[in-house]
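# Chains, contacts and geometry: an overview
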Amino acid sequence: MSEFLVIARPDLLAAREEWLKTLAGERRLAALTLEAYERDTRQFLRFLTGHCGGAPGLADIRELRPADLRAFLAWRRRDGVGARSLGRGLAGIRSLLRHLERRGLANAAGAAALRSPRQPRSLPRPLQASEARRVVSAGEQLAEEPWIAARNAAVLTLLYGCGLRISEALGLTGGDLGAGESVLRITGKGGKTRLVPVLPAALQSVAEYRRLCPFVLDTEKPLFRGARGGPLAAAIVQREMRRLRSALGLPDNATPHALRHSFATHLLGRGGDLRTIQELLGHASLSTTQVYTGVDTERLLDVYASAHPRA
């Protein structure tokens, strides 16, 4: 049985397809989130096929109980799926059931009553300030073409200097960060818009890339280009970061996203307040930003342990 095959009766397939279109159109969820929700609900329908003794339909969804959902989580655990993935999968199923409930096609109470798997507490792993400065330095870039080296430095500087996600940096157009501009209007996850100030060093890095880039950077087209002039792919930035990590002897946590973590952690360490950092990162909830207080506390304890004579 193909893992990509969606097994369900036509009425449930149509309702699920409508739900996915609603997520993409009205709620404007990120492409990766949509992909995860599609995959998780597809796996749920595969489970129900065996659990119910045949392809499930809306009638089967209406009869779901918390015990059925617990059986699904146990089924996934047997495949070695961790708590974080189980929690995300349950979130997708709840979203589908709430969509069906609003249309009078199901009852989402059972899913809402089910407790999500306990999530392991994991802290972001930022780079040290000295490491981050080396990563974003134009002189440390490994590309042979000067304009590509300048491009890589500009992208990485925006991740560290502005706290951008890689998708946000690559979503900039030729009309962004022109002469005299020092603030970016970024549309992040869930369509949330925020204003991000851009440091002079980042502006200078982008200006140098513009000067060397051999392609015309039209106002409405991507600012950052690949070697042949098309939009720069995130995979290219990630590959360049891996090369830098090896060449500079940096730890495994030196990834493009770690530069965003470093931005937040270093701001907090220099006295930045959580509310401001929350706005700069585009977090919907302050609790998401508060994880960086744990990172900073951990760093302080490490310094204490290594420096205090009685530690």
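A brief report on the enclosed structure follows. If you're wondering where the values come from, they're calculated on a predicted model, not measured in any experiment.

### Concerning the overall build of the chain
Counting its secondary structure elements, the chain contains 15 helices and two strands. Put simply, the chain has 311 residues, and 43% of those count as buried. A sequence separation of at least 24 residues applies to 63% of the contacts in the chain between residues at least 6 apart. By element, 52% of the accessible surface of the chain is carried by carbon and sulfur atoms, the whole surface being about 16800 Å².

### Digging into the pattern of salt bridges
Under the defined criterion, the tally for this structure stands at 13 salt bridges. Here Glu-38 ties to Arg-42 by a salt bridge, and the two come within 2.6 Å at their closest N and O atoms. Of this pair, Glu-38 and Arg-42 both sit in helix α2 (residues 31–52), four residues apart, which is roughly one turn of the helix. The exposure class assigned to Glu-38 is partly exposed, which follows from its relative accessible area of 21%. The exposure class assigned to Arg-42 is buried, which follows from its relative accessible area of 9%. A salt bridge links Asp-218 to Lys-221; its shortest N-O distance comes to 3.8 Å. For Asp-218, a relative accessible area of 32% translates into the label partly exposed. By relative accessible area, Lys-221 is classed as partly exposed at 44%. Three or more residues joined by partner-sharing salt bridges are found here, namely Arg-16, Glu-38 and Arg-42.

### Some points on the packing of helix α8 (residues 146–162) against helix α12 (residues 256–269)
Their axes nearest at 6 Å, the elements α8 and α12 cross at an angle of 30°. Judged by residue contacts, Leu-156, Leu-159, Tyr-160, Gly-161 and Cys-162 of α8 engage Pro-256, Leu-259, Arg-260, Ser-262, Phe-263 and His-266 from α12. In the contact of α8 with α12, the residues fall into seven nonpolar, three polar and one charged.

### Here's the deal with the nonpolar core
Counting residues in hydrophobic clusters, the biggest one holds 42 residues, and the most contacted among them are Val-135, Leu-156, Leu-158, Leu-164, Tyr-209, Phe-224 and Leu-259. Elements that contribute at least two residues to this core include exactly α7 (129–136), α8, α9 (166–170), β1 (183–187), α10 (200–212), α11 (234–248) and α12. If one sorts the elements of this core by residue count, α8 sits on top with 11 residues. Apart from residues lying up to four places away in sequence, Val-135 is in contact with Leu-127, Gln-141, Leu-156, Met-241, Leu-244, Leu-248, Leu-250 and Leu-259. Leu-12, Leu-29, Leu-48 and Leu-96 belong to the second-largest nonpolar core, a separate cluster that totals 30 residues.

### Remarks on the side chain of Asp-40
Here Asp-40 is to be found in helix α2. For Asp-40, a relative accessible area of 3% puts it in the buried group. Every residue in contact with Asp-40, bar those within four places of it in the chain, is listed here: Phe-72, Arg-88 and Gly-89.

### A closer look at the pairing of β1
Judged by which residues are buried, β1 turns out to be one-sided: Leu-184 and Ile-186 face inward and are buried, whereas Val-183, Arg-185 and Thr-187, on the alternate face, are not. Where β1 folds back onto strand β2 (residues 193–197) in an antiparallel hairpin, the turn is made up of five residues, including Gly-190, whose phi is positive at roughly 65°.

### Some thoughts on the pairing of β2
Side chains Arg-194 and Val-196 project from β2 onto a buried face, and the interleaved Thr-193, Leu-195 and Pro-197 project onto a face without burial. Where β1 lies against β2, five bridges are found, and the strand directions are antiparallel. Among the inter-strand pairings, Leu-184 is bridged to a residue of β2, identified as Val-196.

### Looking at the packing of α2 against helix α4 (residues 66–77)
Packing of α2 against α4 leaves a shortest axis separation of 10 Å and a crossing angle of 105°. In terms of their interaxial angle, α2 and α4 are classed as roughly perpendicular. For the pair α2 and α4, contact is made by Asp-40, Gln-43, Phe-44, Phe-47 and His-51 and by Asp-68, Leu-69, Ala-71, Phe-72, Trp-75 and Arg-76, respectively. Taken together, the residues of the contact of α2 with α4 sort by class into six nonpolar, two polar and three charged.

### A closer look at α10
Between its first and last C-alpha atoms α10 spans 18 Å; for 13 residues at 1.5 Å apiece the expected length is 18 Å, and the two agree. Where the residues of α10 are buried, they touch α8.

Definitions and cut-offs
Residues numbered from 1 in each chain as written. Predicted model: local features only at pLDDT ≥ 70, side-chain atom pairs only at ≥ 80, totals over all residues. Heavy atoms only, no water. Helix = DSSP H or I, 4+ residues; strand = E, 2+ residues; numbered from the N terminus. Buried < 20%, exposed > 50% of the residue type's maximum accessible area, 1.4 Å probe, protein only. Contact = heavy atoms within 4.5 Å. Areas by Shrake-Rupley, 256 points an atom, 1.4 Å probe, with all protein chains shown as cover. Salt bridge = Lys/Arg side-chain N within 4 Å of Asp/Glu carboxyl O. Axes fitted to C-alpha atoms, helices over the stretch in contact; angles between N-to-C directions. Nonpolar A, V, L, I, M, F, W, Y, C, P; charged D, E, K, R; others polar. Core = buried A, V, L, I, M, F, W, Y, C linked by side-chain atoms within 4.5 Å. Pairing = 2+ DSSP bridges. Parallel < 35°, antiparallel > 145°, perpendicular 65-115°, else oblique. Expected span 1.5 Å × (residues − 1).

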